[in-house]
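# Remarks on the overall topology
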Amino acid sequence: MIAESAAKAAPEQDPLAFRCKDLFHMQSLPDLKLLAGGRNLGNVISRVNIMEVPDIENWAQANELLVTTGYSHQYNMDAFLEIIPKLVERKVSALGIKPKRFIEDIPLRIIECAEANGLPLFELPESTIFSNVVREVMEKVISLETRNVLLLQQRLEQVSELMLHGGKMPQILETIEGMIGNPLCILDAGGRLITSPAYGDFFQSIHRFMTGFDSCSSPRHSKLAIPAGPPGGQELQLHLFNLWETERDPIFVVVAEKDGVCTEIDLSTVSRILPLVNIRLSGENTYKLVKAKYFDDFLKDWLTSVIPSTEDLDIKGRLYDCCNLSGQNYRVAIVKFHAASPPVPDGAMLADLNHMAQSSALFTSIGGKIVALLPQAPGTALDRNAFEPLLGSIAEASATEDFSLCIGEESGPLALRQGYIDAESLYTASCVSNKNGRIITWEELGIYAVLSLLPKHAIVDKFLNRYVMPLVRYDEAHHSSLVRTMKIYFQTGCNMKLTAGAMYTHYNTVVYRIEKVKSLLGISFDDPEARLKLQLGLKIYEMGE
């Protein structure tokens, strides 16, 4: 026989719940005896049922204390051996049998079956009045549930009060953690975390396990076990609360059972607070969108020289947490995507870029192109290596690595309009010259930096007709390579041997082609000006291909 002391060894998960071990303290059950199932005395009891029918298992419910005199089984006690596993399957909390009237003693085989199945089995005193048991148990259950409701209401009021007084989300999460005794975080669609100050590092350490959540198919509340240490070690249980509302911005609230098993009241607390969290997140998101819109307007005004003085610039900058904007110079850069259908820079992308780049750049969009303001100490040289993190941020926000960053010349804080015009000219020149390096400056374009700025004019066409088009027409008519030969000839420093090697052709073939060029154009390569005109003509033609 198992004494009451076994009840004290049961795990304590929720102090505000009525459990099997609490039956020992009931006035209506004096001299109650526990016969089996001591390891599960922590089972919660939420109702009592009196059963005196043979098919008792068909009526039992979860979290139920089932009491019986055994009347329907007094002539077939072996039937209990079949019923007990079925009661466990239906999650019955405990079974109480009152012997003596219809059953002299509870057979040992029944006790052993209950023990094997982990079902708490009690022998009720002969004096037990079932109606008194029902009344007392339900009074205690209702009393405890009332305390749970009051505690839950108190927690909701505390969080609501904190929100009404402008508490930040990390502070709100910290308050909830104090209530439930376990850490929690918010995970948005982009995999970004919002945590309390104490658990930022903890959630970062398990962040990789949380990035694959599918908000569209996840239930409102689900559980996930993840590794908490070395392979084969103990697992960490996560509770996922799905706040998904739109495909644009799905959100999860994640509770980690780091410091203990979550109780029902704790999970109910999080579940009830979710609407408040959702309202706060929605409000903060709306505020961020409005602020981002005004910030974008400010950057556009700055780029178009609407801001008249450095004082005005600094005052407006401080409104958006940008300090001392007038204390440094800037380079304006434009992102050139190489794809035929480049990403469209919307408000969300710009917000992500400004968040990721922080103080290293300021982003806006003009004419469907991403424009960046790159701060730089006056008079310092351009450091290409310093732009690697920025390039990574652009790649992450735009979801492509196929782009160039066209960086213009340095300009003062009130001369950004000229800086933008310079960057726009560089962007155009890089497109005309087909330059697609990771970082493009005027220096990278070389002679193309000048040639790309030539206006469309009849003189340019006349120049091409004189020095290039005869070669183009000859190549088209004879399937030859005079234009390509001359490009490589000039690239190799007018060395016929190197030209032949680069084209994998015979030296005499190169000699023949060059003589043919001289003949078609009527020029001599002994004239340096004639060679220069041909070389410039070829580059202008290449830019227009």
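Residues numbered from 1 in each chain as written. Predicted model: local features only at pLDDT ≥ 70, side-chain atom pairs only at ≥ 80, totals over all residues. Heavy atoms only, no water.

## Digging into the pairing of strand 6 (residues 184-188)
Of all five residues that make up strand 6, four are buried, and the element is covered over most of its length. Bridging between strand 6 and strand 10 (residues 251-256) involves five bridges; their strand directions are antiparallel. Within the sheet, the bridge partner assigned to leucine 184 lies in strand 10 and is valine 255. Pairing of strand 6 with strand 7 (residues 193-194), which is carried by two bridges, proceeds in the antiparallel orientation. Paired with isoleucine 186 across the two strands is isoleucine 194, which belongs to strand 7. (Buried < 20%, exposed > 50% of the residue type's maximum accessible area, 1.4 Å probe, protein only. Helix = DSSP H or I, 4+ residues; strand = E, 2+ residues; numbered from the N terminus. Pairing = 2+ DSSP bridges.)

## Details of the side chain of aspartate 314
Position of aspartate 314 relative to the elements: it lies in helix 8 (residues 310-319). Although aspartate 314 is buried, it forms no salt bridge, and the closest oppositely charged side chain is arginine 318 at an N-O distance of 5.3 Å. A polar side-chain atom of aspartate 314 sits 3.1 Å from the main-chain amide nitrogen of leucine 325. One polar contact links aspartate 314 to serine 326, side chain to side chain, over a distance of 2.6 Å. In contact with aspartate 314, not counting residues within four places along its chain, are Asn324, Leu325 and Ser326. (Lys, Arg positive; Asp, Glu negative; His and termini not counted. Salt bridge = Lys/Arg side-chain N within 4 Å of Asp/Glu carboxyl O. Polar contact = N/O pair within 3.5 Å; in protein donor to acceptor, adjacent residues only side chain to side chain. Contact = heavy atoms within 4.5 Å.)

## A word on helix 1 (residues 79-89)
All of the buried residues in helix 1 are Ala79, Phe80, Ile83, Ile84 and Leu87. Projected onto a plane normal to the axis of helix 1, the buried residues spread over an arc of 125° and lie on a single side. Across from the buried face of helix 1, at angles greater than 90 degrees, the exposed residues are Glu82 and Glu89. Elements in contact with the buried residues of helix 1: strand 3 (64-68), strand 4 (94-97) and helix 2 (108-117). Where helix 1 terminates, the next one or two residues include lysine 91, which has phi positive at roughly 65°. (Arc of directions from axis to C-beta.)

## What to know about unusual backbone geometry
Phi is positive for asparagine 63, close to 60°, though the residue is something other than glycine. By the element assignment, asparagine 63 lies in the loop between strand 2 (47-50) and strand 3. Classification of asparagine 63 by relative accessible area gives partly exposed; the value is 34%. Despite not being glycine, lysine 100 has its phi angle at roughly 90°, a positive value. Position of lysine 100 relative to the elements: it lies in the loop between strand 4 and helix 2. Residue classification places lysine 100 among the partly exposed positions, given a relative accessible area of 35%.

## Observations regarding the state of the cysteines
Under the criterion given, the structure shown has zero disulfides. No disulfide involves cysteine 262; its sulfur sits 13 Å from the nearest other cysteine sulfur, which is in cysteine 185. On the basis of relative accessible area, cysteine 262 is assigned to the buried category, the value being 9%. This cysteine, cysteine 322, is not joined by any disulfide, and cysteine 323 carries the nearest cysteine sulfur, 7.5 Å off. (Disulfide = S-S within 2.5 Å.)

## Some details on empty space enclosed by the protein
This model, assessed by the stated rule, comprises one cavity of 30 Å³ or more. Here the largest cavity defines a volume of roughly 40 Å³. If you go around the largest cavity, the residues you meet are Leu173, Ile176, Leu184, Ile186, Val253, Val270, Ile273, Leu274 and Val277. If one sorts the elements of the lining of the largest cavity by residue count, helix 7 (residues 264-303) sits on top with four residues. (1 Å grid on protein atoms, 1.4 Å probe; cavity = no way out; pocket = protein on both sides within 12 Å on 5 of 7 lines; lining within 4 Å. Points joined across faces, edges and corners; volume = space filled by probe spheres on them.)

## Examining the pairing of strand 4
On strand 4, burial covers both faces: Ala94 and Gly96 on one face and Leu95 and Ile97 on the other are all buried. Here strand 3 pairs with strand 4 via four bridges, running parallel. Paired with leucine 65 across the strands is alanine 94, a residue of strand 4. For the crossover from strand 3 across helix 1 to strand 4, the handedness is right-handed. Here three bridges tie strand 4 to strand 5 (residues 121-123), and the two strands are oriented parallel to one another. Each bridged residue has a counterpart across the sheet, and for glycine 96 the counterpart in strand 5 is phenylalanine 122. Taking the sense of rotation as the criterion, the β-α-β connection linking strand 4, helix 2 and strand 5 turns out right-handed. (Right-handed = clockwise from strand over helix to strand, strands pointing away.)

## Considerations on the packing of aromatic side chains
Centre distance and the angle of the planes are the two values used to describe a pair of aromatic rings. Scanning the entire structure with this criterion turns up twelve aromatic pairs. Taking the centre distance of 6.1 Å and the plane angle of 65° together, the rings of phenylalanine 337 and phenylalanine 403 count as edge-to-face. Here phenylalanine 337, found in strand 11 (residues 329-337), pairs with phenylalanine 403, found in strand 14 (residues 403-411); they are 66 residues apart in sequence, far enough to count as distant. Under the relative-accessibility criterion, phenylalanine 403 is labelled buried at 2%. (Phe/Tyr/Trp six-rings, centres within 6.5 Å; stacked < 30°, edge-to-face > 60°.)

## So, the sheet that holds strand 14
As summarised here, the arrangement of the five strands in space is 12-13-11-14-15, forming an open sheet in which the pairing is mixed. Every interior strand has two partners, whereas the edge strands, strand 12 (362-366) and strand 15 (439-440), have only one. Bridge count for strand 14 against strand 15 is two bridges, and the pairing is parallel. Within the sheet, the bridge partner assigned to cysteine 406 lies in strand 15 and is isoleucine 440. Contacting strand 12 and strand 13 (369-376), helix 9 (residues 347-357) crosses the sheet at an angle of about 155° to strand 12. Helix 11 (residues 416-432) rests against strand 11, strand 12, strand 13, strand 14 and strand 15 of the sheet, and its axis sits at about 30° to strand 11. (Axes fitted to C-alpha atoms, helices over the stretch in contact; angles between N-to-C directions.)

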